[in-house]
Amino acid sequence: MSGVLNLLFSFNLGIMKDMELPKAYIPKEYEDKIYKKWENSGYCNPDNLETRGQARSFTISMPPPNATGVLHIGHTLGMTIQDIMTRYHRMRGDKTLLLPGTDHAAIATQNVVEKMLRKEGTSRHRLGRKKFLELTENYVEKNKSTINNQTKKMGASCDWSREAYTLSDKLSRVVSMQFKQMYDDDLIYRGTRIVNWCPRCCSTLADDEVEYKEQSAKLYTFKYSNDFPLAIATTRPETKLGDTAVAVNPHDKRYQKYIGKTYQVDFVGVPLKLKIIAENEVNPEFGTGAAGVTPAHSFADSLMAEKNNLAVKKVIGQDGKILAGFGKYSNLKTKEAREKIVEELENDGLLESQNDIKNNLSICYRCHTEIEPLPSLQWFVAVNKEFTLKNPALIKKYGKKETTLKEISLWAVKSGEIKIIPEYFAKTYFHWMENLRDWCISRQLWFGHRIPVYYRKQAISNFQFPISKQIQNSIPDRIGDKIQNSMDDIYVGVTPKKGGGWVQDEDTLDTWFSSALWTWSTLLEKKNFEKFNDLKEWLKNSPDIKKFHPTSVMETMHDILFFWVARMIIMTLYSLNEVPFKTVYLHGMVCDKHGKKMSKSHPETCIEPIEMSQKYGTDALRLSMVLGNAAGNSLRLSEQKIAGFRNFTNKLWNIGRFIQMKIKDIKDIGDIKDIQLETLADKWIISKLNSLIREVADDLENFRFGLAGEKLYDFTWHEFADWYVEIAKIQNNKNTYLLITNYYLLLLKLLHPFAPFVTEKIWEYFGSGDLLIIEKWPEADEKKITDQAEQDFKLIKELISAIRSWRKEKAVQPKEIIKIKVAGREELIKNQKEVINRLGRVETEEVKNIDKGDLEIGGVKIKFGNL
RNA sequence: GCUCACAUAGCUCAGUUGGUUAGAGCGUUGCGUUCACAUCGCAGAGGUCCCUGGUUCAAGUCCAGGUGUGAGCACCA
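Here is what the cut-offs are and how they apply
- Along each chain, residue indices are assigned from 1 in the same order as the chain's sequence is written.
- Following the order in which they are written, the chains are lettered starting with A and the ligands numbered starting with 1.
- With pLDDT at 70 or above as the cut-off, local features in this predicted model cover only qualifying residues; side-chain atom pairs require 80 or more to be listed or tallied, and sums for whole chains, interfaces and linings still use all residues.
- Working from all heavy atoms in the structure, the side-chain values ignore hydrogens and water.
- UniProt positions are given in the numbering used here, feature names are shortened, and annotations may be inferred rather than shown by experiment.
- Working definition: helices are DSSP H or I runs of at least four residues, strands are E runs of at least two. Numbering for both runs from the N terminus.
- In protein, a polar contact means a hydrogen-donor-capable atom and an acceptor-capable atom, both N or O and within 3.5 Å, with residues adjacent in sequence counting only if both atoms are side-chain atoms; elsewhere, any N or O pair within 3.5 Å suffices.
- Buried, partly exposed and exposed residues are distinguished by accessible area as a fraction of the type maximum, computed with a 1.4 Å probe on protein chains only: under 20%, between the cut-offs, and over 50%, respectively.
- Between any two strands, pairing holds if DSSP finds at least two bridges.
- Here, a disulfide means two cysteine sulfur atoms that sit within 2.5 Å of each other.
- The way it works is a 1 Å grid over only the protein atoms, where trapped points that fit a 1.4 Å probe form a cavity and open points with protein on both sides within 12 Å along at least five of seven lines form a pocket, and then any residue with an atom within 4 Å of a point lines it.
- Grid points are joined across faces, edges and corners, and a volume is the space filled by probe spheres set on the points.
- Throughout this entry, Asp, Glu, Lys and Arg are counted as charged residues, while Ala, Val, Leu, Ile, Met, Phe, Trp, Tyr, Cys and Pro are counted as nonpolar. The remaining residues, Gly among them, count as polar.
- To pair, rings of Phe, Tyr and Trp, with the six-membered ring standing in for Trp, must have centres within 6.5 Å; the planes then decide the type, stacked if under 30 degrees apart, edge-to-face if over 60, and tilted in the middle.
- For a Lys NZ or an Arg CZ to count as sitting over a ring, it must be within 6 Å of the ring centre and within 35 degrees of the ring normal.
- In this analysis an axis means a line fitted to C-alpha atoms, helices contributing only their contacting stretch, and an angle means the value between N-to-C directions, from 0 to 180 degrees.
- Should any heavy atoms of two residues lie within 4.5 Å, those residues are considered in contact.
- One heavy atom suffices: a residue is near a molecule or strand as soon as one of its heavy atoms comes within 4 Å of it.
- When an angle is under 35 degrees it counts as roughly parallel; over 145 it counts as roughly antiparallel; between 65 and 115 it counts as roughly perpendicular; any other value is oblique.
- Working rule for handedness: look at the near helix, and if it is turned counterclockwise from the far one by less than a right angle, call the crossing left-handed; if clockwise, right-handed.
- Patches here are clusters of residues that have more than 30% relative accessible area and form no salt bridge, with a 9 Å joining cutoff for like charges and a 5 Å cutoff for nonpolar side chains (Val, Leu, Ile, Met, Phe, Trp, Tyr).
- The Shrake-Rupley method, run with a 1.4 Å probe sphere, supplies the accessible areas, and residue values consider only the shown protein chains as cover.
- Should a side-chain nitrogen of Lys or Arg be within 4 Å of a carboxyl oxygen of Asp or Glu, the pair is scored as a salt bridge.
- When charges are counted, Lys and Arg contribute as positive and Asp and Glu as negative, whereas His and the chain ends are disregarded.
- Here the site of a charge means NZ on Lys, CZ on Arg, CG on Asp, or CD on Glu.

Chain A carries the name Valine--tRNA ligase in an unreviewed UniProt entry. One UniProt comment on chain A, placed under Catalytic activity (unreviewed entry), says "tRNA(Val) + L-valine + ATP = L-valyl-tRNA(Val) + AMP + diphosphate". Listed in UniProt under the heading Sequence similarities (unreviewed entry), the comment for chain A reads: "Belongs to the class-I aminoacyl-tRNA synthetase family."

The structure is reproduced here in structure tokens:
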């Protein structure tokens, strides 16, 4: 009996006698106070629990919410899962850290602030960079505290002493160091590439910031000129001013004779030099089977241009207008130029046809302006360039020293160094990683990490924001060349270059650049961090890195697998030569009950976490996030579901009330060792409970949170409360109540990760005097798991159900005397006579063995399976 | 176009490496206040596990094909 009953030693009857549990659990009266208790205890900081001999470490870096607004229900889902893992591991005695923080979210935040300015009739340009940034920081500061308060409301047991912010001085320093190191290793370069350019925002956009809108367009089929043999088809004739080739499929018999030839043509008054090239990508079925190649304004064409060493001719400028040098078309908007060109082709008899087609238009996700792909001078991370690994441990596992960011990042997941849950997302990851292009990391924004690059003054005349016209004219002829910087002098470094004509790059970094470092930038030593100029030195002097990195689990929504998760893998493998986390757990999207995404633009579909927490309690909200859901799946949520779990927390509470009431009558606890487990029900419940302990731990270790929660829910309500508590009333003796108390306390522990508030509150009445949050996680006693007891009791349950059903059907009055005839097991049934009588509300007089038929109650034969 | 996931009760979904009679919550029908709980209890109704074929002693689970739904990526000149 010892394992489970040891609890009784710390069991304090005195507390219980003085305070009585109120009739119903009212979460909002307790939750804030309980969170304060956890905070004040210091238990969420693993440093304070070091005496517990922690062997394993368990770390989660919480995905930092954008500092733009308030938490939504999606955050609640993530935080709940993270906190379940955290509380479980903390109770297991692991060195456990849940690290909170916020993300400056450059583009999103700047966008929100700019919108506010617009409302006030001003703009960031009118305010100036310094003023604008001050304003934005104030705004962020306000949001950060809202977010932190809401995180607390959700019960996240994170270590606030380690709270981080991506744009803090400390993390900004890390970002600069990372940039410099990568620059020195030739993994960051400045070059001219085709980028997604929004003419309205005057900024580059990342590939994932581009949205697509289906539209109907006109597909024009025409010849460039009369002396050119092929007709081409395009929806954008104006870009054809920049064509330098025509591509055909190498297997297309119609055009094979032209391949390799070069033609000089006069296209609507503009001279073009066109080479006929062969490309497998060209679909002979589409249009005429010949495609005009515009290297400067199409991603696909720029690749062809690179392969075939074609000239790049820019047609459209950053303002979305045709550049100078194109005669009457210059300075026209693209649409105007298109119309004019089509008209001219028609007049010249070159236009063969125009057909309506549907195609996808790329638009800016912020302002929905049409994106212009155009070449621009930007900073990039080279994903295919070789670099040398330094960490012997990684080299040993990986098998060689030389690698590229793409290769090593693919390897990390393929080799199992990083495990993705659910597994099928690994395929998505591979697909994305294999097709990854160099990552454009510069943004023409103000809010963010300023690029730590400084140029000499005399060179600056060539480089000002917005990128000047002069630059446009200095586009090199070949895409993909690493530009030889036209600046006289360039300096990349952590400490600013001041004076001497040095001026810093105007641009900022993609927000994902800083969040890619999140798992370890947050763990770097905070004290006197300014003294570190070198990342290696800083890492070496950061004890938290040794203790907590690689982190254990990255828990986040699957939509940022690429933008964030993949980039953490890339950047961390590079700078630390280790993985950022061992497991990636991806949750799905929270939808309304109709399966629609909850969106801010439709407030009626949104379920607000704080409102739900107030109404039903955070525990109910948390349970509704986890139970009935599995990794990766979207979660349909309704208020009704949350209300259902509120009922559960109340049930749990009321079991406590019952126990409290009963235990009060017991004056003398006596010696625990004397407690005997005698009845079938006793043996059954302890067997069940130990199975439960084993299964819940197994589920939690294997990230099956929904299953673990459902088992706990089911056991608590439908085994413990519905059966064992009812039988305890029958057995009605001290031993039973002491046992039931112990089992209840065990249950509180098992439920604590899922429903931390109600369990902690009940623990106040029943517990050891210390907080439940650090109680030891129960271990299953395998010896107590007995199939026989479970089978036998299952039979009794079924028999009682059969009797109840029979009583109902026959409208039998309580206490009626019945005869039960069974085929076998009559001894067992005789032994359980009292339980059967009380729970079945009958009086059994006779239990007889019969030869035929399964079961007969009161002369009625009943279908019965398990005898 | 490419890739992936999903399809189980009226609704929302669980179902781990194939293994007793396929489960839960909500809803629904009937009964019920026995002193923890009506935020409760008891009982009931409700399923061709999308279709077809295959592997197996055994398939909701594995394989192939089909149908439907959703998602991600690419984007076509």
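Back to the text.
J.: Before we move on, can you summarise the side chain of H104 with the specific residues and values?
T.: For H104, the position within the fold is in the loop between β3 (101-102) and α5 (106-119). A polar contact is formed between the side chain of H104 and the side chain of D103, at a distance of 3.4 Å.

J.: Tell me about the pairing of strand β14 (residues 372-381), residues and numbers included.
T.: Within β14, 10 of the 10 residues are buried, which leaves the element mostly enclosed by the surrounding structure. In this structure, strand β5 (residues 188-198) lies alongside β14, joined through 10 bridges in antiparallel fashion. If you follow G191 over to β14, its bridge partner there is Q378. Note that β14 and strand β18 (residues 439-440) share 2 bridges and pair antiparallel. Looking at β18, one finds that V381 is bridged to W439.

J.: Outline the state of the cysteines, listing residues and values.
T.: Counted according to the given criterion, the structure contains 0 disulfides. Looking at C158, it has no disulfide partner, and the nearest cysteine sulfur is the one in C44, 7.1 Å off. Here C591 is not disulfide-linked; the sulfur of C606 is the nearest cysteine sulfur, at 11 Å. Given a relative accessible area of 2%, C591 falls into the buried group.

J.: Describe the layout of surface pockets, naming the residues involved and giving the relevant values.
T.: Rolled over the atoms, a probe as big as a water molecule pinpoints where empty space is left. Its boundaries defined by the atoms lining it, the second largest pocket holds a volume of some 1,300 Å³. Of all the elements in the fold, those that place two or more residues in the lining of the second largest pocket are β7 (210-223), β8 (231-234), β12 (290-293), α9 (299-308), α10 (334-347) and β13 (351-364). Tallied by class, residues from the lining of the second largest pocket come to 18 nonpolar, 17 polar and 10 charged.

J.: Give me the lowdown on the packing of aromatic side chains, citing residues and values where you can.
T.: Evaluation of the coordinates by the stated rule reveals 42 aromatic pairs. On the basis of an interplanar angle of 50 degrees and a centroid distance of 6.3 Å, the ring pair of F179 and F513 is categorised as tilted. One end of the pair, F179, is in helix α8 (residues 169-184); the other, F513, is in helix α16 (residues 511-515), with 334 residues separating them in the sequence. Residue classification places F513 among the buried positions, given a relative accessible area of 0%. Summarising the aromatic geometry, the rings of Y724 and Y743 are spaced 6.2 Å apart at their centres and angled 50 degrees between planes, so their arrangement reads as tilted. With Y724 in helix α25 (residues 705-731) and Y743 in helix α26 (residues 734-751), the pair connects residues that are 19 residues apart, well separated along the chain. Joined through ring pairs, the aromatic side chains of F179, Y183, W379, W439 and F513 make up one cluster. For R87, the ring lying beneath its charged end belongs to W38, and the centroid distance is 4.1 Å.

J.: I'd like a description of the sheet that holds β13, backed by residues and values.
T.: Backbone hydrogen bonds hold the strands of a sheet together, and the pairing may be parallel or antiparallel. Taken together, the 3 strands give an open sheet; going across it, the order is β8-β7-β13, and neighbouring strands pair in antiparallel fashion. Of all the strands in the sheet, just β8 and β13 have a single pairing partner and so form its edges. Sheet twist, expressed as the mean angle between neighbouring strand axes with direction ignored, is 20 degrees. Bridge count for β7 against β13 is 13 bridges, and the pairing is antiparallel. From the neighbouring strand, V210 faces β13, where its bridge partner is C364. Where α10 meets the sheet, it contacts β7 and β13, and its direction lies at approximately 20 degrees from that of β7.

J.: Lay out the protein's contact with RNA strand B in plain terms, naming residues and giving numbers.
T.: Contacts to RNA strand B come from 49 residues, most closely from T234, F286, N633, W717 and K808. Among all atoms of RNA strand B positioned within 4 Å of the protein, those belonging to sugar or phosphate total 65%. G628 is positioned such that a nitrogen or oxygen atom in its backbone is 2.6 Å from a sugar or linking oxygen of RNA strand B. R657 is positioned such that a nitrogen or oxygen atom in its side chain is 3.3 Å from a sugar or linking oxygen of RNA strand B. Among the secondary structure elements, those contributing two or more residues to the surface near RNA strand B are β8, β12, β13, α13 (425-434), α23 (639-664), α25 and α28 (787-810). It is α25 that provides the largest number of residues to the surface near RNA strand B, a total of 11 residues.

J.: Can you explain the packing of helix α22 (residues 618-626) against α23? Please cite residues and give values.
T.: α23 packs onto α22 with a crossing angle of 120 degrees between their chain directions and a minimal axis gap of 8 Å. If you check the angle between α22 and α23, you find them oblique. Where α22 crosses over α23, the handedness of that crossing is right-handed. On α23, the residues touching D619, A620, L621, L623 and S624 of α22 are K641, I642, F645, R646, F648 and T649. When the residues that make up the contact of α22 with α23 are grouped by side-chain class, the tally is 6 nonpolar, 2 polar and 3 charged.

J.: Just give me the short version of the sheet that holds strand β20 (residues 453-456), but keep the residues and values in it.
T.: The strand order β21-β20-β22 describes an open sheet built from 3 strands, whose pairing is antiparallel. Strands at the two margins of the open sheet, each flanked by one partner only, are β21 (490-492) and β22 (502-504). Across this sheet, the average inter-strand angle for adjacent strands is 30 degrees, counted without regard to direction. Sheet topology places β20 next to β22; 3 bridges connect them, and they run antiparallel.

J.: Could you give an account of a positive patch on the surface, with specific residues and numbers?
T.: Residues K115, R118, K119 and R200 make up a contiguous surface patch of positive charge. One can find K119 in helix α5.

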